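Below are the chains, spelled out letter by letter.
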Amino acid sequence: MSNVELQPVHNRIESPLEFHQGDSPLLVSMPHSGLQLTVTEEESLTEKAKRLPDTDWYIPELYGDLAARGVSVISANYSRYVIDLNRPYDDAALYTTKTTGLFPEILFDESPTFLAGKEPTDVHHALCKEQIWRPYHQQIEDELARIKAKFGYAILLDAHSIAAEVPMLFEGKLPDFNWGTNAGESCAPAVLKSAQACLSNNYSQVANGRFKGGYITRGFGQPAEGIHAIQLELSQATYLNDELVKQGQYLLDEDKFPVIQKQLRKLVDALLSVKL
């Protein structure tokens, strides 16, 4: 019997993801919007980490009812502090600059994620890899294969967001829209071109700057095989209430929200209209 099978029942993983199968060439992935914790994290996170500050806040709400538009959607239920679904299974480094790994030991402000001496064990990590990471990635793989078989190609949009200023990760203030295509290797040029062209001049943007796409973009993007992947790292300054963020509260700005939601709808339309 394996160590994973010996894990206490109260720490079993339930429903690691939400998935809706659409009827279009597009799949949207939301790996960092989850808010759930297992008992292990509930008992071992620092007080600061329990506020889940590095969450990709409100990503499902920002993109609206994708299911009604025929778009396939997969989203994580568990927090990135349980396991980061945008990192390789073996936790190999994606960037040469400082970042966090498959099981983040520090927050983006470089403070510890877990209380000293209460860090999750290797047994718990193995459980999370098998019952959260594997199902999420298998679902993406299966859906992209199904979409490609039906339409002849598939597009994966990996949807993220991040604070506008994170000194540990980058200097200064982040542009509003940060596209990642692994320096052009994860999708055909037409995909990035369509995404950039639909953007309002009110928003700033950059392609393959600090964020070039994480493991999901790099791992699944195989344009030569008809599968195109692009990551969007959206600045949270485009939709969160800035003053409340300074107080450690993460709430939508009622003025910004409808504007960015309209822009993201145009993005989805643009990706659905790409000719490949």
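Above: the structure in question.
In this convention, every chain numbers its residues from 1, walking through the sequence in written order. Only residues with pLDDT of at least 70 are given local features in this predicted model, and only at 80 or more are side-chain atom pairs given and counted; all residues enter the totals for whole chains, interfaces and linings. With hydrogens and water excluded, all non-hydrogen atoms of the structure serve as input to the side-chain values.

A.B. asks: Please clarify how the sheet that holds strand E3 (residues 72–76) should be interpreted in this entry.
C.D. replies: In sheet architecture, strand pairing relies on hydrogen bonds along the backbone and comes in two forms, parallel and antiparallel. Any two strands with at least two DSSP bridges between them are considered paired. Think of it this way: any DSSP run of H or I at least four residues long counts as a helix, any run of E at least two long counts as a strand, and we number them from the N terminus. Strand order across the open sheet formed by 7 strands is E1-E3-E2-E4-E7-E5-E6, with mixed pairing between neighbours. Of all strands in the sheet, those bounded by a partner on one side alone are strand E1 (17–20) and strand E6 (205–207). If you compare each strand with its neighbour and ignore which way they point, the axes differ by 15° on average. Two strands pair when backbone bridges link them, and strand E2 (residues 26–30) and strand E4 (residues 154–162) are joined in this way by 4 bridges, in the parallel orientation. Within E4, the position partnered with valine 28 by the bridge is leucine 157. In this fold helix H4 (residues 189–197) packs onto E4, strand E5 (177–180), E6 and strand E7 (227–235), with an angle of close to 30° to the strand it touches most, E7. Geometry is summarised by axes, namely lines fitted to C-alpha atoms with helices restricted to the contacting stretch, and by angles between N-to-C directions that run from 0 to 180 degrees. Contact criterion: two residues are considered in contact whenever any of their non-hydrogen atoms come within 4.5 Å of each other.

A.B. asks: Quick question: what am I supposed to make of the environment of glutamine 196 here?
C.D. replies: Looking at where glutamine 196 falls in the secondary structure, it is placed in helix H4. When sequence neighbours within four positions are dropped, the list of residues in contact with glutamine 196 reads Trp179, Gln205 and Ala207.

A.B. asks: Quick question: what am I supposed to make of empty space enclosed by the protein here?
C.D. replies: Space left empty within the atom packing is revealed by a probe, the size of a water molecule, rolled over the atoms. Cavities and pockets are defined on a 1 Å grid built over the protein atoms alone: a cavity is a set of grid points where a 1.4 Å probe fits but cannot escape, while a pocket is an open set with protein on both sides within 12 Å along at least five of seven lines, and lining residues are those with an atom within 4 Å of any such point. Grid points are joined across faces, edges and corners, and a volume is the space filled by probe spheres set on the points. Enumeration over the complete set of coordinates arrives at 1 cavity of 30 Å³ or more. There is about 180 Å³ of room inside the largest cavity. If you trace the largest cavity, you find 18 residues lining it, with His32, Arg80, Arg87, Phe211 and Glu233 closest to the centre. Where the lining of the largest cavity is concerned, the elements lending two or more residues are E4 and E7. Ranked by the residues each element gives to the lining of the largest cavity, the list is headed by E4, at 3 residues. For this classification, the nonpolar set comprises Ala, Val, Leu, Ile, Met, Phe, Trp, Tyr, Cys and Pro, the charged set comprises Asp, Glu, Lys and Arg, and every other residue, Gly included, is treated as polar. By residue class, the composition of the lining of the largest cavity is 5 nonpolar, 8 polar and 5 charged.

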